[in-house]
Amino acid sequence: MNRLTFSFVFFLVVHAGFGQNDTKLFQPELGVCTSIKNHEIVAAAGFDYIEEGVQRFLIPEKSEEEFEKNMAILKESSIPIKACNGFIPGKFKTTGPETHHPQILEFAETAFRRAQIAGIQRIVFASSGSRNYPDGFDNKKAWKQFAALLAQMGPIAKKYDVIVVIEPLRKGESNLINRVDEGLKLAMMVNHPNIQVLGDVFHMMREEEQPASFIEARKLLKHTHIAEIEKRTAPGLAGDNLVPYLQALKQADYAGGISIEGSWGDNFEKNLIIARAYLQGQINSLN
């Protein structure tokens, strides 16, 4: 059974088996992973928020004066920044024979403090360059190292009222935490309210992970990303059926945002409008 056939079958099963929630309106906020400098065209396309970058917008290694320049742009924006990705630089190792946890925590505290100033609620922990461990290193030890770092990071995130969401990445990008069910396991190991889980539909499809993982992770699922499977294009550019994953989010009573994290082709402004309409259409089909 190929991926698309599986997704369609799952869609039918969900409708048959979880009908009790079909009447509940599913209307998540939709965002775009891009620079705040694009706020005018993102807002004009009808999106609710922008997902920026920690290292591009919060710039923890740069001065307060440099950060204030970014804040000045945000203050002119008609839509908020609700999340930031691109968290930990690759030079700071989360796992492996030599870790840099003190440096990461110092970096994170500056990021979280500035996130609170900017009204940013979610920090996405993907950071494959930081968290990937070298060949020959023990996977179980890497898990423990990542969990230990997150356990120390949780109280700092709480101090600044942000939630760190663990992002599973496909095997082509990371050798640690490739599936939503693994992200859920790690978050449960850490057991801190400010360390939770992200689900990325592109990575899930590449790993052939069932949409039902969203339902399994429902209590800790706080953020999502979405893109199409083949070239990681924005929804609608290739025409992928994303309904099974959206249906699972609905059944999970998901109340977070859905950020498009993908490629936009050669006309960003035009394709923003296409993607917004296409994704909203697939969401509307569930209501």
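So, a few notes on the structure that sits alongside this text.

Reading guide: rules and limits
Residues numbered from 1 in each chain as written. Predicted model: local features only at pLDDT ≥ 70, side-chain atom pairs only at ≥ 80, totals over all residues. Heavy atoms only, no water. Pairing = 2+ DSSP bridges. Helix = DSSP H or I, 4+ residues; strand = E, 2+ residues; numbered from the N terminus. Axes fitted to C-alpha atoms, helices over the stretch in contact; angles between N-to-C directions. Contact = heavy atoms within 4.5 Å. Phe/Tyr/Trp six-rings, centres within 6.5 Å; stacked < 30°, edge-to-face > 60°. Lys NZ or Arg CZ within 6 Å of the ring centre and 35° of its normal. Expected span 1.5 Å × (residues − 1). Buried < 20%, exposed > 50% of the residue type's maximum accessible area, 1.4 Å probe, protein only. Arc of directions from axis to C-beta.

### Some details on the sheet that holds strand β4 (residues 122-125)
- The sheet built from eight strands closes into a barrel, its strands ordered β1-β2-β3-β4-β5-β6-β7-β8 with parallel pairing. With strand direction ignored, the average angle separating the axes of adjacent strands in the sheet is 30°.
- Helix α7 (residues 139-159) contacts β4, β5 (163-166) and β6 (195-200) of the sheet and is inclined by roughly 170° relative to β4.
- Each of β1 (30-33), β7 (221-226) and β8 (258-260) touches helix α12 (residues 268-284); the most contacted strand, β1, lies at about 145° to it.

### Brief notes about the packing of aromatic side chains
- Applying the stated criterion across every chain, the model contains nine aromatic pairs.
- Ring plane angle 65° and centroid distance 5.0 Å describe the contact between F125 and F146, whose orientation is recorded as edge-to-face. Of this pair, F125 sits in strand β4 while F146 sits in helix α7, placing them 21 residues apart in sequence.
- On the basis of an interplanar angle of 80° and a centroid distance of 5.3 Å, the ring pair of W264 and F268 is categorised as edge-to-face.
- When the ring centre of W143 is taken as reference, the NZ or CZ atom of K185 above it lies at 5.1 Å.
- The residue whose ring lies beneath R276 is F47, and the NZ or CZ to ring-centre distance is 6.0 Å.

### Quick word on the environment of K219
- Take K219: it is sitting in the loop between α10 (212-216) and β7.
- In this structure the C-alpha to C-alpha distance between K219 and D266, which are 47 residues apart in sequence, comes to 39 Å.

### Remarks on α12
- With 17 residues, α12 extends 24 Å from end C-alpha to end C-alpha; this agrees with the ideal 24 Å at 1.5 Å per step.
- Among the residues of α12, those classed as buried are N271, L272, A275, R276, L279, Q280, Q282 and I283. Buried residues of α12 fall within an arc of 160° about the axis and therefore sit on the same side. Facing away from the buried side of α12 by over 90 degrees, the exposed positions are K270, I273 and A277.
- Check the buried side of α12 and you find it contacts β1, α2 (39-44), β7, α11 (243-251) and β8.

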